[in-house]
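# Architecture and fold: a report
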Amino acid sequence: MTERADQPLRYQLPDRNLGLDLMRATEAAAMAAGQWAGRGDKESGDGAAVDAMREVLAGVGMRGRIVIGEGEKDQAPMLHNGELVGDGTGPQIDIAVDPVDGTTLLAKGMPNAIAVIAASDRGSMYDPRDVFYMHKLVVGPAAAGHVDIDAPVGHTVATLARIKGGTNSDVTVAVQERARHAELIAAVRAAGARIKLFSDGDVAASIAAASPDSAIDVLIGIGGTPEGVITACAMKAMGGEIQARLHVGDEAARRRALDAGHDLQRVLHLDDLVSGDNTFFVATGITDGDLLAGVHYVPGGARTRSLVMRSRSGTVRSVTSDHVLSKVQRYGATPTRQGVVEPGARR
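This text gives an overview of the structure that appears in the document. (Residues numbered from 1 in each chain as written. Predicted model: local features only at pLDDT ≥ 70, side-chain atom pairs only at ≥ 80, totals over all residues. Heavy atoms only, no water.)

## Things to note about the overall build of the protein
- For the protein, the count of helices and strands is 10 helices and 14 strands.
- Going through the 347 residues of the protein one by one, you find that 52% of them count as buried.
- Considering only contacts in the protein between residues 6 or more positions apart, those separated by 24 or more positions represent 68%.
- Accessible surface computed for the protein: about 15,100 Å², of which carbon and sulfur atoms make up 49%. (Helix = DSSP H or I, 4+ residues; strand = E, 2+ residues; numbered from the N terminus. Buried < 20%, exposed > 50% of the residue type's maximum accessible area, 1.4 Å probe, protein only. Contact = heavy atoms within 4.5 Å. Areas by Shrake-Rupley, 256 points an atom, 1.4 Å probe, with all protein chains shown as cover.)

As structure tokens, this is what we get:
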């Protein structure tokens, strides 16, 4: 609904914000995984996050179906593609999860590891089954509708510079630091733009590319398909744009993709990755980073920082939660693969 210029803005409350319930699951995953930060064991850290997230999701009032989970690539026994989650009541929802986006970052105790859930109405979320990677381009609201994933990098940089009212040297491009991106990195530098290399965690980098207060103007490169669909849910709320094309690295991967019915030449736009206007994006920091502060363990409990976005209401909430020790299962010096069942946040 459009408000008249002479009318005050009114707070819109269409219905219950499922994102706030899902935040309990990302908080639990973050607190479970945070105990493994810097221990060099990414499998155990990810496993603890999966257990914790799954336990909390089981009590959320929804009929959820995991469309994008830990899945085949991670050989995960839980939160796998097709698994049903929730308490069996409430709306039918598609769910994408990444209990630890940045498992290597977590294992090394490096910045920007986060726990993430995205959700949308049942049947609206793109299912990239059997394809693990996609080429992505992500920009914020100002550049939405003005970029093309098939355009030369130099053209994209020049377009963003014009939108910013500056020169190519004012544009910063986020690129994952991988050997496969050598030509891309060279092209960005040849265009005169700056590069922000990141080692892992492309959801956080994608959100930064769409955030008005970030120094990053665009994310370009090949990354995970789960992260691409999760990012699309965030772009619906932020007004940003993602374009993508599925990527296969060898003949076996190409054959799997074709057998699954995918068109490898098709450019996937925002509405292809998640249709409709009722999407949720929820993230909680695990380690301190550019997007979110990580879990801070304090005497008597822990503190978490989260983002909760919803496209229908156009809200992006930043939430700081204090968790009471008596309500949070703490780990000893040797963590075990046991999740936080109920974080018990005070809001």
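## Thoughts on helix α6 (residues 182-190)
- Restricting attention to buried positions, one finds in α6 the residues L184, I185 and V188. The arc enclosing the buried residues of α6, seen along the axis, measures out at 100°, which places them on a common side. Exposed residues on α6 whose side chains face more than 90 degrees from its buried face are E183 and A190.
- Residues of α6 that are buried sit in contact with α5 (153-164), β6 (172-176), β7 (194-198) and β8 (218-224). (Arc of directions from axis to C-beta.)

## Details of the pairing of strand β1 (residues 63-68)
- Where β1 and strand β3 (residues 92-101) come together, 5 bridges link them in parallel fashion. Across the sheet, R65 pairs through a bridge with D94, a residue of β3.
- In this structure, β1 lies alongside strand β2 (residues 84-85), joined through 2 bridges in antiparallel fashion. Pairing of R65 across the sheet is with L84, part of β2. (Pairing = 2+ DSSP bridges.)

## A short note on empty space enclosed by the protein
- By the definition in use, this model includes 1 cavity of 30 Å³ or more.
- Approximately 40 Å³ is the volume found for the largest cavity.
- The dominant element in the lining of the largest cavity, judged by the number of residues it contributes, is β8, at 5 residues.
- For the lining of the largest cavity, the residue count by class is 4 nonpolar, 4 polar and 2 charged. (1 Å grid on protein atoms, 1.4 Å probe; cavity = no way out; pocket = protein on both sides within 12 Å on 5 of 7 lines; lining within 4 Å. Points joined across faces, edges and corners; volume = space filled by probe spheres on them. Nonpolar A, V, L, I, M, F, W, Y, C, P; charged D, E, K, R; others polar.)

## Examining the pairing of β3
- With 9 of 10 residues buried, β3 is to be regarded as a mostly interior element.
- Both β3 and strand β4 (residues 114-121) contribute to a ladder of 7 bridges, which runs antiparallel. Residue pairing in the sheet places D101 in a bridge with I114 of β4.

## Quick look at the packing of helix α1 (residues 18-34) against helix α2 (residues 42-57)
- Between α1 and α2, whose axes approach to 7 Å, the crossing angle comes to 155°. With respect to α2, the axis of α1 lies roughly antiparallel. The two elements α1 and α2 meet at a crossing, and its hand is right-handed. On the side of α1, the interface is formed by L22, R24, A25, T26, A28, A29, A32 and A33, while α2 contributes G45, A48, A49, A52, M53, V56 and L57. (Axes fitted to C-alpha atoms, helices over the stretch in contact; angles between N-to-C directions. Parallel < 35°, antiparallel > 145°, perpendicular 65-115°, else oblique. Left-handed = near helix turned anticlockwise from the far one by under 90°.)

## Some remarks on the side chain of E83
- Considering the arrangement of structural elements, one finds E83 in the loop between α3 (71-74) and β2.
- E83 has contacts with R54, G64, R65, I66 and M78, leaving out every residue within four places of it along the chain.

## A word on the layout of surface pockets
- Considered as a void within the structure, the second largest pocket measures approximately 440 Å³ in volume.
- What lines the second largest pocket is a set of 25 residues, and nearest its centre among them are N112, K196, A208, I216 and D290.
- With 4 residues, the top contributor of residues to the lining of the second largest pocket is helix α7 (residues 202-210).
- Looking at the lining of the second largest pocket residue by residue, the classes come out as 16 nonpolar, 6 polar and 3 charged.

## Observations regarding the side chain of T284
- Inspection of the secondary structure puts T284 in strand β10 (residues 280-285).
- A polar contact is formed between the side chain of T284 and the side chain of T26, at a distance of 2.7 Å.
- At a separation of 2.7 Å, a polar atom in the side chain of T284 contacts the side chain of S306.
- Leave out the neighbours within four places in its chain, and T284 touches M23, T26, E27, A30, I114, A115, L292, T304, R305 and S306. (Polar contact = N/O pair within 3.5 Å; in protein donor to acceptor, adjacent residues only side chain to side chain.)

## Here's the deal with the packing of α7 against helix α8 (residues 225-238)
- The contact between α7 and α8 brings their axes to 10 Å, and the two run at 25°. Viewed along their axes, α7 and α8 adopt a mutual orientation that is roughly parallel. Crossing angle aside, the handedness with which α7 passes α8 is right-handed. Packed against α7, whose contacting residues are D202, V203, S206, I207 and A210, the element α8 presents E227, I230, T231, A234, M235 and M238 at the interface.
- Across the contact of α7 with α8, the residue classes break down as 7 nonpolar, 2 polar and 2 charged.

By themselves, these are just geometric observations and shouldn't be taken as functional.
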